[in-house]
Amino acid sequence: MTYVTSAIIQLATMPLITIKARGMTIAHAVDVAQIVLKKTKPAFVIGNIKIGSESLVSQDGRHRDVSSIEISLKRAEASR
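Residues numbered from 1 in each chain as written. Predicted model: local features only at pLDDT ≥ 70, side-chain atom pairs only at ≥ 80, totals over all residues. Heavy atoms only, no water.

Student: Sorry, what's going on with the overall build of the protein here?
Tutor: Secondary structure summary: the protein contains two helices and three strands in total. On the principal axes, the C-alpha backbone points of the protein span a range of 55 × 25 × 20 Å. Buried residues in the protein amount to 25% of all 80 residues. Taking all contacts inside the protein whose residues are at least 6 apart in sequence as the whole, residues at least 24 apart take part in 65%. Accessible surface computed for the protein: about 6,100 Å², of which carbon and sulfur atoms make up 55%. Each charge sign in the protein was given a centre, from 11 positive and 6 negative side chains, and these centres are 9 Å apart. (Helix = DSSP H or I, 4+ residues; strand = E, 2+ residues; numbered from the N terminus. Buried < 20%, exposed > 50% of the residue type's maximum accessible area, 1.4 Å probe, protein only. Contact = heavy atoms within 4.5 Å. Areas by Shrake-Rupley, 256 points an atom, 1.4 Å probe, with all protein chains shown as cover. Lys, Arg positive; Asp, Glu negative; His and termini not counted. Charge placed at Lys NZ, Arg CZ, Asp CG, Glu CD.)

Student: Help me out: how do you make sense of unusual backbone geometry in this one?
Tutor: With the exception of glycine, most residues fall at negative phi, and the peptide bonds are largely trans. In this structure, Pro-42 follows Lys-41 across a cis peptide bond, with omega equal to 0 degrees. Locating Pro-42 in the fold gives a position in the loop between α2 (26-40) and β2 (44-57).

Student: Which parts of the structure should I look at to understand the environment of Gln-34?
Tutor: Locating Gln-34 in the fold gives a position in helix α2. The partly exposed category is assigned to Gln-34, whose relative accessible area is 39%. Along the chain, Gln-34 and Ser-58 lie 24 residues apart, while their C-alpha atoms are 31 Å from each other.

Student: What should I look at first to understand the sheet that holds strand β1 (residues 16-22) in this one?
Tutor: One key point about sheets: their strands pair by backbone hydrogen bonds, in either a parallel or an antiparallel sense. One open sheet accounts for three strands, arranged β1-β3-β2; its pairing is antiparallel. Across the chains shown, the open sheet's two edge strands, defined by having one partner strand only, are β1 and β2. Put simply, the sheet's adjacent strands are angled 20 degrees from each other on average, direction ignored. In the sheet, β1 pairs with strand β3 (residues 63-75) via seven bridges, with the strands oriented antiparallel. Among the inter-strand pairings, Ile-17 is bridged to a residue of β3, identified as Leu-73. With respect to the sheet, helix α1 (residues 2-13) is in contact with β1, β2 and β3, its orientation differing from that of β3 by roughly 50 degrees. Sheet strands touched by α2: β1, β2 and β3. Its angle to β3, the strand with the most contacts, is close to 5 degrees. (Pairing = 2+ DSSP bridges. Axes fitted to C-alpha atoms, helices over the stretch in contact; angles between N-to-C directions.)

Take a look at the structure:
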């Protein structure tokens, strides 16, 4: 819930935030985005979602590909 609170505070002053995660924490990023949307509905919506992988060097010197995600949350446009 710490990340949810932080995201809501940032959204109060910024029109767009991005939640980023890699590896095993991707599920946490998705959960945070979903909780923020439920708590702030209909003021904010999901913008872009980027998925990919990053090549990292492990402690033993081997290269590993780790999945990553970026979820953008933005203010909903007012209906006209």
